[in-house]
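Below, each chain spelled out in residue letters.
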Amino acid sequence: MLKRRTLLATGAAALAPLALPATAFAQRKKDALVLALTLEPTGLDPTAKAGAEIAEVVLYNVFETLTRINSDGSVSPLLAERWEISPDLRTYTFQLRRGVKFHNGEPFDANTVKFSFDRAAAANSTNKDKRTFTNIAAQVVDAHTVVLISKEIEPELLFLLGQASAIMVEPRTVETNAVKPVGTGPYRLDSWAKGSAIVLAKWEGWRNADAVQIRKASFRFISEPAAQTTALLSGDVDLFPHASVSRSLPQFQNDKRFQVLFNASRGKTILAINNRRKPLDDVRVRRAIATAIDRKAVIEAAADGRGVPIGSHYVPGAPGYVDTTGINPYNVEKAKQLLAEAGVKNPLELDLVLPPPPYARQGGELIAAQLAKVGIVAKVQNVEWAQWISGTYGNKNYDLSLILHVEPFDLVNYTKPEYYWGYQSARFNELFDKARNSARTADRLRYLGDAQRLLAEDAANVFLYQPQFITVAARGLRGLWKDTPIFVNDIAALSWS
């Protein structure tokens, strides 16, 4: 099994405890669960759109993958029972689980794997990890054996195959998976009242259905911190992963009805910069923006102090991490100097697009105030999540945007000039390829460090902090993840005591 190190960020919030209502969970059915998420998915097919909120509903619940990622970052079998890796790290032979069926009764086999990965790599694919799949050739040996041949060495391939972009799909239903998902998982979509709730119901045809104790799981969507706190305290919600409740945290810690978990993550909160637009295509302007921002103040405003500063698109605890926070340190006068060197006349007006999560709205207001001190007028645009996905991410219609990237190994996005921030660097591409394909681990990590430094020097984005997440749950709920290497809610692993 592959092990990943994790880091637990530290921080504290203080708030006097308030009077609480009487036993709110007493009447809860022990085979049902109500979860709440900050964002509602724009669709239920994680191969069609980016957005971790899709995986939070469907990964390991409706759809399954060859491998499973665990809370500690290790990888274990799921639809693949076992595998062998060639000495050159390019050929993976998977033995598949037998007797697996999709919700519509169709069998899962090696042809399904080939179809799923070929589809992810196709020219018209909208899979966010398309580059990963274009480097893989899937070959069917027999119904229960499939070989993946990788053009490049990918040390994290088994981990990547457990993410939502690598789900197994049934060929006849792929076109409607966004609204009527059909997978091999222990749950089926029961209903979706858009804007309100998604309900998953236990699928009795699952191969190990007798072990599943939660028969119905309802997902609600609550973006405002105060409303999140109220929903939990009233008992309307049993589980809120990565809740925005730092300021009311003592209420939950001092209430015996709740359990509170502090989750380490591989998330990167960044101020994304549209490198395509002038004058943002000038590295001096991007570095000016970076040096105008006080990371520690942003962490206080956006995350109530629960975060660790970062200087590149990589976090402490990840293999090969190097500290790059000193490359663009907070320095207002330096920022003004860089803007002057770039020939920028004050005021420089830029759009600052903020999605709904509290970290973005709260942190974005502070960032706008900090940029104003160096002559940059950041015009704040608060948008809904669907607008962010389509307009900012899809159409690249933005100058700046505060956003959290939660994928653990996503440096590859800087090799994609078509990606929403539009960064292009032949030198970075060379370093990334060397990091991926070097035979010696020490060499791979050295190139990885060089790639991190280059992103910081180029100020490809403004790299802010690694967040620490907070999960609040009813006391009797068991099977919760301690840490969150990926965003997922494995409902079949949960039960009531």
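Residues numbered from 1 in each chain as written. Predicted model: local features only at pLDDT ≥ 70, side-chain atom pairs only at ≥ 80, totals over all residues. Heavy atoms only, no water.

The chain carries the name Extracellular solute-binding protein family 5 in an unreviewed UniProt entry, which gives Variovorax paradoxus as its organism. UniProt's Sequence similarities (unreviewed entry) comment on the chain is quoted here verbatim: "Belongs to the bacterial solute-binding protein 5 family." (UniProt positions renumbered as here; feature names shortened; annotations may be inferred.)

K.L.:
Break down the overall build of the chain for me, with residues and values.
P.N.:
A count of helices and strands for the chain gives 13 helices and 21 strands. Expected size for 497 residues packed as a compact globule is a radius of gyration near 23 Å; at 23 Å, the chain falls within 12% of this value. Each principal axis of the C-alpha distribution contributes one length, and for the chain these read about 65 × 60 × 40 Å. Out of the 497 residues belonging to the chain, those deemed buried represent 60%. Restricting to contacts in the chain with at least 6 residues of sequence separation, those with at least 24 account for 74%. Total accessible area computed for the chain in this model is approximately 19,500 Å², and 51% of it derives from carbon and sulfur atoms. (Helix = DSSP H or I, 4+ residues; strand = E, 2+ residues; numbered from the N terminus. Rg over C-alpha atoms; globule rule 2.2 N^0.38 Å. Buried < 20%, exposed > 50% of the residue type's maximum accessible area, 1.4 Å probe, protein only. Contact = heavy atoms within 4.5 Å. Areas by Shrake-Rupley, 256 points an atom, 1.4 Å probe, with all protein chains shown as cover.)

K.L.:
Would you mind going over the packing of aromatic side chains in detail, with residue names and values included?
P.N.:
Overall, the coordinates contain 20 aromatic pairs when judged by the stated rule. Look at F159 and F409: their rings are 5.1 Å apart centre to centre, the planes differ by 90 degrees, and that puts the pair in the edge-to-face class. Taken together, the positions of F159 in helix 4 (residues 157-160) and F409 in the loop between strand 17 (400-405) and helix 12 (426-437) put the pair 250 residues apart, joining distant regions of the chain. On the basis of relative accessibility, which here comes to 1%, the residue F159 falls in the buried class. We classify F409 as buried; its relative accessible area is 19%. Feature note: the residues W385, W388, Y393, Y398, Y414, Y419, Y420, W421, Y423, F428 and F432 constitute an aromatic cluster, connected by ring pairs. In this arrangement the basic side chain of K30 is found over the ring face of W496, its NZ or CZ atom lying 4.5 Å from the centre. (Phe/Tyr/Trp six-rings, centres within 6.5 Å; stacked < 30°, edge-to-face > 60°. Lys NZ or Arg CZ within 6 Å of the ring centre and 35° of its normal.)

K.L.:
Any chance you could break down the packing of helix 8 (residues 295-303) against helix 10 (residues 358-372) for me, citing the residues and the numbers?
P.N.:
Relative placement of two packed helices is described by the angle separating their axes and the distance separating the axes. Where helix 8 meets helix 10, the closest approach of the two axes is 7 Å, and the angle between their N-to-C directions is 145 degrees. Viewed along their axes, helix 8 and helix 10 form a crossing whose handedness is right-handed. Of the residues in helix 10, those in contact with A297, V298, A301 and A302 of helix 8 are Y359, Q362, G363, L366, I367 and Q370. Looking at the contact of helix 8 with helix 10, its residues break down into seven nonpolar, three polar and no charged. (Axes fitted to C-alpha atoms, helices over the stretch in contact; angles between N-to-C directions. Left-handed = near helix turned anticlockwise from the far one by under 90°. Nonpolar A, V, L, I, M, F, W, Y, C, P; charged D, E, K, R; others polar.)

K.L.:
Tell me about the side chain of N135, residues and numbers included.
P.N.:
Here N135 shows up in the loop between helix 3 (130-134) and strand 6 (136-142). Within the structure, N135 has its side chain in polar contact with the backbone oxygen of R131 (distance 3.2 Å). Every residue in contact with N135, bar those within four places of it in the chain, is listed here: I149, S150, K151, E152 and R436. (Polar contact = N/O pair within 3.5 Å; in protein donor to acceptor, adjacent residues only side chain to side chain.)

K.L.:
An account of the sheet that holds strand 7 (residues 145-150) is needed here, citing residue identities and associated values.
P.N.:
The four strands are arranged 4-5-7-6 in an open sheet whose pairing can be described as antiparallel. Of all strands in the sheet, those with a lone pairing partner are strand 4 (80-85) and strand 6, marking the two edges. If you compare each strand with its neighbour and ignore which way they point, the axes differ by 20 degrees on average. Taken together, the six bridges between strand 6 and strand 7 define a ladder with antiparallel strand orientation. By the bridge assignment for strand 7, I136 is matched with S150. Helix 2 (residues 110-121) rests against strand 5 (91-96), strand 6 and strand 7 of the sheet, and its axis sits at about 165 degrees to strand 6. (Pairing = 2+ DSSP bridges.)

K.L.:
Got a sec to walk through the environment of P357? Specific residues and values, please.
P.N.:
By the element assignment, P357 lies in the loop between strand 15 (348-354) and helix 10. Overall, P357 belongs to the buried group, its relative accessible area being 7%. With 60 residues separating them in the primary sequence, P357 and A297 have C-alpha atoms 18 Å apart. Those residues in contact with P357 that sit more than four places away from it in its chain are T38 and L39.

K.L.:
Give a detailed account of the side chain of R68, specifying residues and quantitative values.
P.N.:
Structurally, R68 can be placed in strand 2 (residues 67-69). In this structure the side chain of R68 is engaged in a polar contact, spanning 2.6 Å, whose partner is the side chain of D490. Once residues within four sequence positions are removed from consideration, R68 is found in contact with Y60, S74, V75, S76, P77, L78 and D490.

K.L.:
Which residues make up the layout of surface pockets, and what values do they have?
P.N.:
To find leftover empty space, one rolls a probe the size of a water molecule over the atoms. By volume, the second largest pocket is sized at about 380 Å³. Contributing to the lining of the second largest pocket are 17 residues, with T126, N127, K128, Y393 and E418 lying nearest its centre. Listed by contribution, the elements that provide at least two residues to the lining of the second largest pocket are helix 3 and helix 11 (385-394). With three residues, the single largest contributor to the lining of the second largest pocket is helix 11. Among the residues forming the lining of the second largest pocket, the class breakdown is six nonpolar, four polar and seven charged. (1 Å grid on protein atoms, 1.4 Å probe; cavity = no way out; pocket = protein on both sides within 12 Å on 5 of 7 lines; lining within 4 Å. Points joined across faces, edges and corners; volume = space filled by probe spheres on them.)

K.L.:
Outline the nonpolar core, listing residues and values.
P.N.:
One finds L271, I289 and Y420 to be the most contacted residues of the largest nonpolar core, which totals 73 residues. Setting aside chain neighbours within four positions, we find L271 in contact with I289, I293, L352, I367, L400, S401, L402, N461, V462 and L464. Judged by nonpolar contacts, the second largest core, of 70 residues, contains V62, F94, I198 and V212. (Core = buried A, V, L, I, M, F, W, Y, C linked by side-chain atoms within 4.5 Å.)

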